[in-house]
Amino acid sequence: MKKTITINLAGVVFHIEEDAYEILQKYLGSVKQYFLNIQGGAEIQDDIEARIAELFSDLISESKQAISIEDVEAIVKQLGSVEDMMDEDDIPLNASSESSDQNQSSASGNFEEQKKLSRDSANALIGGVLSGVAAYFGINPLWLRLGVVALFFGFTILPSLGGSILVGYLILWIVMPANPNLENKGKFKKFLRSRKDQIVAGVSGGIGAYFNIDPVIIRIIFLVTTFFGGVGLITYIVLWAITPEAKSLTDEIQMEGNPVTLNSIEDQIRKNVKLDDEKAKNNVVKLLSFPFKLMSMVVTGLGPLVKFAFDAIRVFVALILLLLGSSFLFAIVILAGVGLGWIEPNAYSIQTGDFPLGRLASEISPLMVFFASSAAMIPAILLLLLSFSLMAKRNLIIPVVGLVLVGLFFIGAIGSAITIIPFAQKFKEEGNYVETIEYKIKSELVSLNLNPVEGNPDGIYPLELEIHGWEDSTFKLTKRFKAQGKNRKEASSNARLALLNVVQQDSSLIFDSDLTIDPNTPYRAQRLTMNLYVPYGRKFTIDRELSDMLRNTLYPNGYNVGQLEGNVWLFNKKGLKCLTCKEKSEEIQDATESENEEENVD
């Protein structure tokens, strides 16, 4: 049994054993004394404490709640002591870095724990997903972010994967817990926006530190390429958007790829002081950086307006998501009620395209409705949660709720796939039945009319009529009935269950407006395609109400539905002609007389 005490280190509360606390207190006291008279000494102490807090957080787990003396000794060895710094002032930086690397690797073996995939909320740009994945695999988050941006918008021969990227990001955001103290232990330079060498956003300073190039050169490149289609400005804005800022000395050290030790912290402080002095003395830098300073002043001046615009966009997007989510959720509830037979589709004129849910309610199993509704509701609920999160400006999708939603979605999707297979078998094959009728009409003018009937109140049985010309002297109508079934024979039988009357009355052909099908006949996607063949040179009129079923007749010949009313038509070998359309009447009349003369000569 050991006595523990509670401490507050860099704003984080830890339980630490009493003997470990004495060593830690002595270490921090020596650090404070060493950096007491150095410029920026207080900032150095804050960064060292923050670094120790990060390492302590990595040690805490469900099975380990207190910091032990072994933990403190390992961290002191990793960071290095003040005595080491005083004894190694003449040792080159590379040597100290290698030594620190060895210390770090040996110390880390004492308290390395199993890696956990978490969101890096401390270095998050949106949700910390990509920086968390990068930390898990020990890779640079910059390249991961650039890759995701490229896949989101698409590049070269690859299409845009924006939808998949967005859904995948949201799922990972939901299932990955947040960790504000996550550390990326990969050995690489971190690309961050510089807070010290900064004029607008620190992008050029960050690039300069990453590639060891003078940031002034980077700024000149950005400035020059801005005049080439805005490439420089767009690139700068993109890098500004996807790159976090170096907020501490630890970040600045990691930008150069060095381990975080007392030596490296002291060196960084001295570099910052030197950089500030050079900035104050270098007039060339002042001259070259003037355009960027001017841009920074403009951005700063427009800050409140830009903030208001972003807030307005955020609220607008939240309202759109709220409308979409609530509408989608309401539609799913209504459709589920229709599928279960609780709601009459005729009362609400509910249609689902080629899938009349109301007619199929008796054949749909409740399990299929349940699974399909469960899977479909999850995106709607996510849209609502995202809307509320945008309005509240904080993430309301807690990990437990997110895991439950994702689990329900996959259960619903798998259940839907299983239960829909027996139902889909009823529509597996297609069959047809063809009926041909000829009409002998002696009148010079034939009327094609529509007879409204109430055999198809839902409009679920499609009808199509195509009119063609031909050389015979009779009017011929072919009716091709189509339907689905478990096999071709059953599908053909289902097609024969449909009927459409076309009646000849004197000089008129009257088409029923809908198929006649027994109400007890199961829906199997029954449909009808008709082809009417009109003798060449025979005049006819078309009822305006027939336009709903008319296909491939008017538009291929240069006419539209608006010209049907009151006009007379005929077919010749060149196609359909309107005899009474005002804009073409003279041309058509001349063409008709010319054709008649040619026929007489023949």
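In this text, all values refer to a predicted model and were calculated from it rather than measured experimentally. (Residues numbered from 1 in each chain as written. Predicted model: local features only at pLDDT ≥ 70, side-chain atom pairs only at ≥ 80, totals over all residues. Heavy atoms only, no water.)

1. Describing the overall build of the protein
Across its full length, the protein holds 22 helices and 15 strands. Within the span of the protein, comprising 602 residues, buried residues form 40% of the whole. Of the roughly 33,800 Å² that the protein leaves accessible, carbon and sulfur atoms contribute 59%. (Helix = DSSP H or I, 4+ residues; strand = E, 2+ residues; numbered from the N terminus. Buried < 20%, exposed > 50% of the residue type's maximum accessible area, 1.4 Å probe, protein only. Areas by Shrake-Rupley, 256 points an atom, 1.4 Å probe, with all protein chains shown as cover.)

2. As for the packing of helix H19 (residues 366-392) against helix H20 (residues 399-425)
Where H19 contacts H20, the axes come no closer than 7 Å and their chain directions differ by 145°. With respect to the hand of their crossing, H19 and H20 are arranged in left-handed fashion. Contacts from Leu367, Met368, Phe371, Ala372, Ser374, Ala375, Ile378, Pro379, Ile381, Leu382 and Leu385 in H19 reach Leu405, Leu408, Phe409, Ile411, Gly412, Ala413, Gly415, Ser416, Thr419, Ile420 and Phe423 in H20. Broken down by class, the residue content of the contact of H19 with H20 amounts to 17 nonpolar, five polar and no charged. (Axes fitted to C-alpha atoms, helices over the stretch in contact; angles between N-to-C directions. Left-handed = near helix turned anticlockwise from the far one by under 90°. Contact = heavy atoms within 4.5 Å. Nonpolar A, V, L, I, M, F, W, Y, C, P; charged D, E, K, R; others polar.)

3. Digging into the state of the cysteines
Structurally, a disulfide amounts to a covalent bond that connects the sulfur atoms of two cysteines. Inspection of every chain in the model, using the stated rule, returns one disulfide. Here Cys578 pairs with Cys581 through a disulfide, and the sulfurs are 2.0 Å apart. Residues Cys578 and Cys581 share a disulfide whose torsion about the S-S bond is about 90°; that sign makes it right-handed. Cys581 gets classed as buried once you look at its relative accessible area, which sits at 3%. (Disulfide = S-S within 2.5 Å.)

4. Looking at the sheet that holds strand E3 (residues 66-67)
What the three strands build is an open sheet, ordered E1-E2-E3; its pairing is mixed. Here the strands that pair on one side only, and so sit at the sheet edges, are strand E1 (4-9) and E3. Across six bridges, the pairing between E1 and strand E2 (residues 12-17) is antiparallel. Across the sheet, Asn8 pairs through a bridge with Val13, a residue of E2. Lying on the sheet, helix H1 (residues 18-34) is in contact with E1, E2 and E3; it crosses E2 at an angle near 120°. (Pairing = 2+ DSSP bridges.)

5. As for the packing of aromatic side chains
For any two aromatic rings, the description comes down to two numbers: the centre-to-centre distance and the angle of the planes. Within this structure, the stated rule accounts for ten aromatic pairs. Ring centres of Tyr136 and Phe137 lie 5.1 Å apart, and the angle between their planes is 85°; on these two criteria the pair is classed as edge-to-face. What makes Tyr136 partly exposed here is its relative accessible area of 28%. Ring pairs connect the aromatic residues Phe423, Phe427, Tyr461 and Tyr523, which therefore count as one cluster. The ring of Tyr533 is capped by Lys476, whose NZ or CZ atom sits 5.2 Å from the centre of that ring. For the cation-ring pair, Arg524 lies above Phe427, with the distance from its terminal atom to the ring centre recorded as 5.3 Å. (Phe/Tyr/Trp six-rings, centres within 6.5 Å; stacked < 30°, edge-to-face > 60°. Lys NZ or Arg CZ within 6 Å of the ring centre and 35° of its normal.)

6. Some remarks on the pairing of strand E10 (residues 502-505)
In the sheet, E10 pairs with strand E11 (residues 508-512) via four bridges, with the strands oriented antiparallel. Pairing of Gln505 across the sheet is with Ser508, part of E11. From the end of E10 to the start of E11, which pair antiparallel, there are two residues, and Asp506 there has a positive phi angle of about 55°.

7. With respect to the environment of Leu321
Relative to the helices and strands, Leu321 is located in helix H16 (residues 303-339). Distance from Leu321 to Leu385, taken between C-alpha atoms, is 9.1 Å for residues 64 residues apart in sequence. Those residues in contact with Leu321 that sit more than four places away from it in its chain are Leu383, Leu386, Ser387 and Leu390.

8. Focus: the nonpolar core
Counting residues in hydrophobic clusters, the biggest one holds 48 residues, and the most contacted among them are Leu448, Phe511, Leu515, Phe540 and Trp569. Grouped together as the second largest cluster of nonpolar side chains are 22 residues, Ala20, Leu24, Tyr27 and Ile52 included. (Core = buried A, V, L, I, M, F, W, Y, C linked by side-chain atoms within 4.5 Å.)

9. Some remarks on the packing of helix H9 (residues 203-211) against helix H10 (residues 215-225)
Between H9 and H10, whose axes approach to 8 Å, the crossing angle comes to 125°. Taken as axis vectors, H9 and H10 run oblique relative to one another. For H9 against H10, the interelement crossing comes out right-handed. For the pair formed by H9 and H10, the contact residues are Val203, Ser204, Gly205, Ile207 and Gly208 on the first element and Pro215, Ile218, Arg219 and Phe222 on the second. Looking at the contact of H9 with H10, its residues break down into five nonpolar, three polar and one charged. (Parallel < 35°, antiparallel > 145°, perpendicular 65-115°, else oblique.)

10. Quick notes on the environment of Pro462
Within the secondary structure layout, Pro462 lies in the loop between strand E7 (445-451) and strand E8 (463-470). Between the C-alpha atoms of Pro462 and Asp514, which are 52 residues apart in sequence, the distance is 8.3 Å. In this structure Pro462 touches Gln526, Arg527 and Leu528, once residues within four positions along its chain are discounted.

11. Focus: H20
The end-to-end C-alpha distance of H20 is 39 Å, a good match for the 39 Å that 27 residues give at a rise of 1.5 Å each. In H20, a bend of some 30° at Thr419 exceeds every other bend along the element, and Pro422, a proline, comes one to four places later. Within the sequence span of H20, burial applies to Gly402, Leu405, Val406, Gly412, Gly415, Ser416, Thr419 and Phe423. (Expected span 1.5 Å × (residues − 1). Bend = angle between axes of the 7 residues up to and from the residue.)

12. Re the sheet that holds E8
Strand order in the open sheet made by the four strands is E6-E9-E12-E8, with mixed pairing throughout. What marks the edges here is a single partner per strand, and that holds for strand E6 (429-439) and E8. Each strand of the sheet is rotated relative to its neighbour by a mean of 15°, with strand direction disregarded. With eight bridges joining them, E8 and strand E12 (residues 527-535) adopt parallel strand pairing. Bridging across to E12, Leu465 finds its partner in Met530.

13. Side note on unusual backbone geometry
Non-glycine residue Asp506 carries a positive phi angle of around 55°. Along the chain, Asp506 turns up in the loop between E10 and E11.

14. Quick word on helix H6 (residues 129-137)
Across the nine residues that make up H6, a large majority, seven, are buried. The set of residues buried in H6 consists of Val129, Leu130, Ser131, Gly132, Val133, Ala134 and Ala135. Positive backbone phi, at 65°, marks Gly138, one or two positions downstream of H6.

15. Thoughts on the pattern of salt bridges
Under the counting rule described, the total for this entry stands at two salt bridges. Among the salt bridges present, the one from Glu430 reaches Arg527, with a minimum N-O distance of 2.8 Å. Here Glu430 is found in strand E6, whereas its partner Arg527 is found in strand E12, with 97 residues between them in sequence. One salt bridge connects Glu435 with Lys479, and the closest N-O pair in it is separated by 3.7 Å. Taken together, the residues span a long stretch of sequence, with Glu435 in strand E6 and Lys479 in strand E9 (residues 475-485) at a distance of 44 residues. When its relative accessible area of 23% is taken as the criterion, Glu435 is described as partly exposed. (Salt bridge = Lys/Arg side-chain N within 4 Å of Asp/Glu carboxyl O.)

None of the figures reported here should be taken as evidence of function without further support.
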